[in-house]
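# Commentary on secondary and tertiary structure
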Amino acid sequence: MSQQLVYAISVAITALIQGGGFLVAYALQTETFYDILGGVNFLALAFWSASSSTLDLRKICTTVLFVCSRGWLLLFLAWRAHERKGDARFDDIKGKFISFMKAWIVQGMWVMLISMPVIFINSSNKSSPLDFIDIVFMLCFALCVGTEILADIQKALWVKKGRPGGFCQEGLWGFSRHPNYFGEIFQWWFAWALAYHSSEAARGYLDPLWWACAISPIFTMLILLHLKPTGIYNAEGKNLKRYYDQCPDEYGKYRESTSILIPMIGYQYVPLFLKRIIFFEYEKYEYNPKVAGEVKKE
């Protein structure tokens, strides 16, 4: 079976899951299983693509890591939805057919775009052994998946303890202000790199489909770094007001000495221009009391 056909069937599977989910959710006027069906969609694409060609070590390891990553996401989002007893993002749109449908379309696009490198690997008819570089990429992929899972668990346990200290500094959160997003972003860069030797072209860099798979980490970065309703953009900026109101000195020191994304030591010694250029410490993430005050008045 060609890679193009595997992708086409993956799109059909995604359309069926998201379209069916939307129709049922709209009829029942609930968003309860929105995130759950996103996770189910990921797992469906993993198992479908893995069954589309002969398995080898590269495909097995990649699929296992992908299932661990998306399986954890499914469990975590289901738990969070249960804890919060709903999702405020849908309060104003679940009664509006078009607006609610757009949310399900966006989720389907997200699932497909993120899954592209894994589908590429699993649908390849080329079987190549793992070389040293592949093993390094595989280990980095696993490390990023583990980082995201561990960060989510540490944050959840901190919340369960009553949010001591006002902001989370537990474990990985002492080295990064958003270690979960670090794991989510960089695992897809390593998945894309791992897909290189699955290209059926004479040279992987000549394969346009492999290059197209780079949209997986790029799209993830766009969502988590630049989209206002979610990710770092949503967590920083005006939403830092609660920290500066409750514990301004403590949080100020934490912010100055803790990387926004990449876990590291000695961040306070990095010049600001390097933080802006290399470490994603964009000016738009800074807390502006004037803006926060205007938002509150509205």
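The shown structure was predicted, so the numbers you read here are calculated from the model rather than taken from an experiment.

It is worth spelling out the overall build of the protein chain at this point. When helices and strands are counted, the protein chain shows 13 helices and zero strands. Taken from N to C terminus, the helices and strands of the protein chain fall in the order α-α-α-α-α-α-α-α-α-α-α-α-α. Since a compact globule built from 298 residues should have a radius of gyration of about 19 Å, the 21 Å found for the protein chain is in line with a globular shape. Burial status across the protein chain gives 45% buried among its 298 residues. In the protein chain, the proportion of contacts linking residues at least 24 apart, taken out of those at least 6 apart, comes to 76%. As presented, the protein chain carries roughly 15,100 Å² of accessible surface, and 67% of it is formed by carbon and sulfur atoms.

Where helix α4 (residues 97-123) meets helix α8 (residues 215-226), the axes come as close as 7 Å, and the angle between the chain directions of the two elements is 135°. Accordingly, the angle class assigned to the pair α4 and α8 is oblique. Residues Trp110, Leu113, Ile114, Met116 and Pro117 of α4 lie in contact with α8, whose contacting residues are Ile215, Ser216, Phe219 and Thr220. Looking at the contact of α4 with α8 residue by residue, the classes come out as seven nonpolar, two polar and no charged.

For the coordinates displayed, the defined rule picks out 12 salt bridges. Put simply, lysine 241 and aspartate 245 hold a salt bridge, and the shortest N to O gap is 2.5 Å. One end of the pair, lysine 241, and the other, aspartate 245, are both in helix α10 (residues 241-246), four residues apart, so they sit about a helical turn from each other.

Moving on to the packing of aromatic side chains. Here the distance between the centres and the angle between the planes together describe a pair of aromatic rings. This structure, assessed with the given rule, holds 30 aromatic pairs. A centroid spacing of 4.9 Å and a plane angle of 40° characterise the contact between phenylalanine 182 and phenylalanine 186, whose relative ring orientation is tilted. Taken together, the residues span about one helical turn, with phenylalanine 182 and phenylalanine 186 both in helix α6 (residues 179-194) at a distance of four residues. On the basis of relative accessible area, phenylalanine 182 is assigned to the buried category, the value being 16%. Among the aromatic residues, ring-to-ring pairing joins Phe22, Tyr26, Phe33, Tyr34, Phe97, Phe100 and Trp104 into one connected group. Between lysine 155 and the ring centre of tryptophan 173, over which it is positioned, the NZ or CZ distance is 4.5 Å. A cation sits over an aromatic face here: lysine 275 above tyrosine 267, 4.3 Å from the ring centre.

For the protein chain, the average pLDDT comes to 91, and 95% of its residues sit at 70 or higher. Taken element by element, the predicted model of the protein chain shows its lowest mean pLDDT in helix α13 (residues 289-297) (57) and its highest in α6 (97).

Along the chain, the position of alanine 201 falls in the loop between α6 and α7 (208-212). Sequence-wise, alanine 201 and phenylalanine 42 are 159 residues apart; in three dimensions their C-alpha atoms are separated by 27 Å.

One finds Tyr7, Phe120 and Phe141 to be the most contacted residues of the largest nonpolar core, which totals 33 residues. Of all the secondary-structure elements, those providing two or more residues to this core are α1 (3-28), α2 (34-50), α3 (57-84), α4, α5 (132-160), α6 and α7. Counting residues per element, this core draws most heavily on α4, at nine residues. The residues contacting tyrosine 7, other than those within four sequence positions of it, are Met112, Met116, Ile119, Phe120, Ser123, Leu209 and Cys213.

Unusually for a residue other than glycine, glutamine 29 sits at a positive phi of about 55°. Topologically, glutamine 29 is positioned in the loop between α1 and α2. The phi dihedral of phenylalanine 280 is positive, around 65°, even though this residue is not glycine.

Conventions adopted
- Residues numbered from 1 in each chain as written.
- Predicted model: local features only at pLDDT ≥ 70, side-chain atom pairs only at ≥ 80, totals over all residues.
- Heavy atoms only, no water.
- Helix = DSSP H or I, 4+ residues; strand = E, 2+ residues; numbered from the N terminus.
- Rg over C-alpha atoms; globule rule 2.2 N^0.38 Å.
- Buried < 20%, exposed > 50% of the residue type's maximum accessible area, 1.4 Å probe, protein only.
- Contact = heavy atoms within 4.5 Å.
- Areas by Shrake-Rupley, 256 points an atom, 1.4 Å probe, with all protein chains shown as cover.
- Axes fitted to C-alpha atoms, helices over the stretch in contact; angles between N-to-C directions.
- Parallel < 35°, antiparallel > 145°, perpendicular 65-115°, else oblique.
- Nonpolar A, V, L, I, M, F, W, Y, C, P; charged D, E, K, R; others polar.
- Salt bridge = Lys/Arg side-chain N within 4 Å of Asp/Glu carboxyl O.
- Phe/Tyr/Trp six-rings, centres within 6.5 Å; stacked < 30°, edge-to-face > 60°.
- Lys NZ or Arg CZ within 6 Å of the ring centre and 35° of its normal.
- pLDDT = per-residue confidence, 0-100.
- Core = buried A, V, L, I, M, F, W, Y, C linked by side-chain atoms within 4.5 Å.

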